Structures are given as structure tokens and as C-alpha cells.
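If you want the building blocks of each chain, they are given just below.
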Amino acid sequence: MNEAAGQKGSDVKRIGLVTGGGDCPGLNAVIRAIVLGALNRGWEVFGIERGFEGLLYHDRVYPMNRHHVKGIIHTGGTILGTTNRGNPFSLRVVEDGVSRQVDVSHRVVEEFHRLGLEALVVIGGDGTLRIASSLAAMGIPIIGVPKTIDNDLSSTDFTFGFDTCLNTVMDAVDKLRTTAESHRRIIVVECMGRHAGWITAFSGMAVAADAIMVPEKETLIDDVCELLKARRTSGKKYGIVMVSEGATIKFRDESGNIKTLDVSQSGRKDDFGHIQLGGIGKQVAELIKYKTGIETREVVLGHLQRGGSPSAYDRVLGTRLGVHAGRLALKKDFGKMVALRGMNIVAVPLAEAVGQMRTLPLEFLDEAGEFLR
Ligand code: F6P
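Cut-offs and rules
- Residues numbered from 1 in each chain as written.
- Predicted model: local features only at pLDDT ≥ 70, side-chain atom pairs only at ≥ 80, totals over all residues.
- Heavy atoms only, no water.
- Salt bridge = Lys/Arg side-chain N within 4 Å of Asp/Glu carboxyl O.
- Helix = DSSP H or I, 4+ residues; strand = E, 2+ residues; numbered from the N terminus.
- Domains from an automatic or database assignment.
- Contact = heavy atoms within 4.5 Å.
- Buried area = accessible area lost by both parts, 1.4 Å probe.
- Pairing = 2+ DSSP bridges.
- Axes fitted to C-alpha atoms, helices over the stretch in contact; angles between N-to-C directions.
- Near = heavy atom within 4 Å.
- Polar contact = N/O pair within 3.5 Å; in protein donor to acceptor, adjacent residues only side chain to side chain.
- Areas by Shrake-Rupley, 256 points an atom, 1.4 Å probe, with all protein chains shown as cover.
- 1 Å grid on protein atoms, 1.4 Å probe; cavity = no way out; pocket = protein on both sides within 12 Å on 5 of 7 lines; lining within 4 Å.
- Sits in = over half its atoms within 2 Å of the grid points.
- Nonpolar A, V, L, I, M, F, W, Y, C, P; charged D, E, K, R; others polar.
- Phe/Tyr/Trp six-rings, centres within 6.5 Å; stacked < 30°, edge-to-face > 60°.
- Buried < 20%, exposed > 50% of the residue type's maximum accessible area, 1.4 Å probe, protein only.
- Lys NZ or Arg CZ within 6 Å of the ring centre and 35° of its normal.

A. View of the pattern of salt bridges. Using the criterion set out here, one finds 15 salt bridges in the structure. Across the pair Arg14 and Glu44 runs a salt bridge, and its minimum N-O distance is 2.9 Å. Here Arg14 is found in strand β1 (residues 14-19), whereas its partner Glu44 is found in strand β2 (residues 44-48), with 30 residues between them in sequence. For Lys259, the salt bridge is made with Asp253, and the minimal N-O distance between the two is 3.0 Å.

So this is what it looks like as C-alpha cells:
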């Protein structure tokens, strides 16, 4: 628990609110709940635009009122804007044409106090909450709210954004299925999710995909090709193959050597240290075409998966998390993250919550098809 976490006493009067990392459907439901909960208690809420770095710019911090959160529960994205650049512990700056990284975390802490803020509610994924945890250790009274379409945060059963994302993927594959069937093709669908296979496995189950490839379990593409050929022989003339952007996939080359596919074509990292993934779907499609002789296409769903109006589930989860974040502020119970456990929203220590990534239990792969083959 950080120093600020122990402070009880009079009510908080002024809180800051920030969203960081990739956007996801449901963020605005959380923002709405926090702002309304706070205003109803007579607190002031300051919106901080586009991540922690926003605190350093006067034109990116503004007092929020009811008007700001009117009619936003059904909208995707975040009204505060976001970024997965802007890590205050290693902020990228360009001086004289040269890019370098500087630590401006102390300035963020100073600005927080200068603005008279008494709590900072941080809505973010793993990278953002990790930074929040470090800022908490520097004395900022933080309350974390977990978000990500990837559903890969430990300490919470589900993250908002995940359900909407699954529905987006499902709708896309339902559309791809009709063209795949008409042309008797195989379509490889590359899904987001970083190093966790939640999106691929759950949407794969929802569309009854022929094959699902995730990071958590190695797939030998030759086995998938045998399965696709067998299905064709037994009458199914098209195929849907779901692949995680970070999937662990091997293949046998012409000399019989086992090789691994590359998950990052760009090799770049973002400011949170995450490697930029993407491009595996194309490699999978090419191999399937080569090894089966079946016409194969790939579709990268990309940022479509982060967009759109949140599902009812995500609006409800976002609202509940926002309400409980407000309750923690009321109790001055800082250094915590709100989390879903079963049906309940609980508070878990922030430092624990950002400790490790939650990967997909392999049981889901069995349920998603292996048991049914
Ligand atoms: O964490 C959410 C996520 O959408 C990942 O699934 C994906 O790898 C990444 O963000 C993409 O980030 P960017 O918006 O920087 O391309």
C-alpha cells in the first residue's frame, strides 16, 4: 500500500481521470459512471486528455460536467482520447531531429499536486496500469480500472471491451463464411490479442472455426493442413482458420526442418515496451495454400476489433467498474484496482494486478473444437 493509501479523513474534493493505452468499447461507460458519481457527491472531476502526458499540458486538463458525459454510454473509443505512447518514465522527445527518451514522471507528480487533485482514476490495460502502479509508489493516490479487448489482465475475470470485440469478429467471420463457401476457399482470419489467445479462441468457438491457433499452444501448420484436406474430402468445401496475431506456429520446410513463423513483421516496440505484432495471417495463408493446393485468402481484422458501439455486457461492466472506482475514492482506498470476480466487483492491490499477463487456459481450446473433432 502506498503512503496515500492510508489517508482517511475528509472526503476527496477533486479527482483526475485519465485513459491510456489502446482504446476499447466501454471506456465511455466507465467515464460516465465516474463523472456522474463524483458530481453527485459535490466533487470536481478533471479530465486529462490522451494519457498521463496530458497532465503536463494546461490545454489538456479540463473540468468535466454532466454535459461532457451526456449521450456517451453507447459510443466506442474514449472521449478523453488515449495513446500508447506517452510513458512518463520514458517519454519520447525529439530534439534537433534526434529522438531520445526522458523520465518526466516527477513532473507528472508535481502537476497532479499543483492542480490540487486528491485522487487519480486511471483506466487502462497492462502498460498503463503498470505506469499507474509506479506513480502510486511515488505518492499519487491511484485507483485503477482494467480495460482491454485482449482480456489478458490477471486479477479480473473479464475486461470490458472483450465482449464487443468478440461480436465484431463473429460478425466479420459470418460475412466471410458466405464468400468462403461460394468460392470453396479457405479464409485465414488474423485476430488481435497480443500474447494471449482469448479473442481468437472465444470468437473461434462462436463461429465454429475449423482451426484455432493461439500463442499458448504450439501449432504445427502441417497438422492443420491435413485436417483441412480431410474435411474437404468428407464434404466441407471451405474453411475458416482463426489465428492470433501472436500465435506460436511451426511448419515443416521442404527439407523437413521445423521452422517458426514470425509474429512481428515490423519488429517495432511501443512506449510501453510492447512489441508490435501483425502479419502472421498472411504467412499462414501462404503455407496452407502451398501445402494443400486449396485457394486461400487472409483477412487481418486489425483495429476494427477495437471499434464500434459497446455491447450491453460491456456497458454494464464498464458502468459497474466506474461506480466501484468512485466508491474507492469515497473511502480513500487508494493503490487499488477494481476487478470483476464472478458476479462481484472487488478491489485488488494495483501492484498485484499488474504483476502478470493472464493467458488462455488450454481447456478453452478443447471446448472450442478439439473435443468435437
Ligand atoms: O491491446 C490491445 C491491442 O489492440 C492489441 O490486441 C494489439 O496488439 C495492439 O493493441 C495494437 O496496438 P496499436 O493500436 O498500437 O496498433
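B. Layout of the domain arrangement of the protein. For the protein, the assigned domains read domain 1 (3-160 + 310-353) and domain 2 (165-306). Placing the centre of domain 1 and that of domain 2 at their C-alpha centroids yields a distance of 34 Å. Each partner contributes residues to the interface: domain 1 has 23 residues there, and domain 2 has 16 residues. Summed over both sides, the interface of domain 1 with domain 2 buries roughly 1,500 Å², with 52% coming from carbon and sulfur.

C. Quick look at the sheet that holds strand β6 (residues 119-124). Strand order across the open sheet formed by seven strands is β3-β2-β1-β6-β7-β15-β16, with mixed pairing between neighbours. For this open sheet the edge positions go to β3 (61-63) and β16 (344-349), each flanked by a neighbour on one side alone. For this sheet, the mean inter-axis angle between neighbouring strands, taken without regard to orientation, is 25 degrees. With five bridges connecting them, β1 and β6 associate as parallel partners. Within the sheet, the bridge partner assigned to Thr19 lies in β6 and is Ile123. Its contacts with the sheet place helix α3 (residues 126-137) against β6, β7 (142-146) and β15 (336-341), and it is angled at close to 160 degrees to β6.

D. Molecular detail of the sheet that holds strand β14 (residues 296-300). Reading across from one edge, β9-β11-β8-β14 is the order of the four strands in this open sheet, with parallel pairing throughout. The open sheet has two edge strands, β9 (211-213) and β14, and neither has a second partner. Averaged over neighbouring strand pairs, the angle between their axes works out to 20 degrees when direction is ignored. Note that strand β8 (residues 186-191) and β14 share five bridges and pair parallel. Among the inter-strand pairings, Val188 is bridged to a residue of β14, identified as Glu298.

E. Geometry of unusual backbone geometry. In this structure, Arg50 takes a positive phi of about 55 degrees despite not being glycine. The topology assignment puts Arg50 in the loop between β2 and β3. Residue Lys332 is not a glycine yet carries a positive backbone phi of 55 degrees. Relative to the helices and strands, Lys332 is located in the loop between α8 (312-331) and β15.

F. Main features of the site of the ligand. By nearness alone, every residue bordering the ligand is listed as Asn84, Ile149, Asp150, Met192, Gly193, Arg194, Glu245, His303 and Arg306. The contact in question runs from an oxygen atom of the ligand to an N or O atom on the side chain of His303, over 2.9 Å. Starting from 400 Å² of accessible surface for the ligand in isolation, the protein chains cover 84%. A molecule is said to occupy a pocket when more than half its atoms come within 2 Å of that pocket's grid points, and by this definition the ligand occupies the largest pocket. Counted by class, the shell around the ligand contains two nonpolar, three polar and four charged residues. The two domains that each donate at least three residues to the shell around the ligand are domain 1 (3-160 + 310-353) and domain 2 (165-306).

G. How the structure looks around the packing of aromatic side chains. On inspection of all chains with the given rule, the structure shows seven aromatic pairs. Arranged with centres 6.5 Å apart and planes meeting at 70 degrees, the rings of Phe158 and Phe202 form a pair that is edge-to-face. One end of the pair, Phe158, is in the loop between β7 and α4 (162-183); the other, Phe202, is in helix α5 (residues 198-206), with 44 residues separating them in the sequence. Of the residues examined, Phe158 reaches a relative accessible area of 28% and is grouped as partly exposed. One aromatic cluster in this structure is built from Phe158, Phe162, Trp198, Phe202 and Phe364. Its end group placed over the ring of Tyr238, Lys236 keeps NZ or CZ at 4.7 Å from the ring centre.

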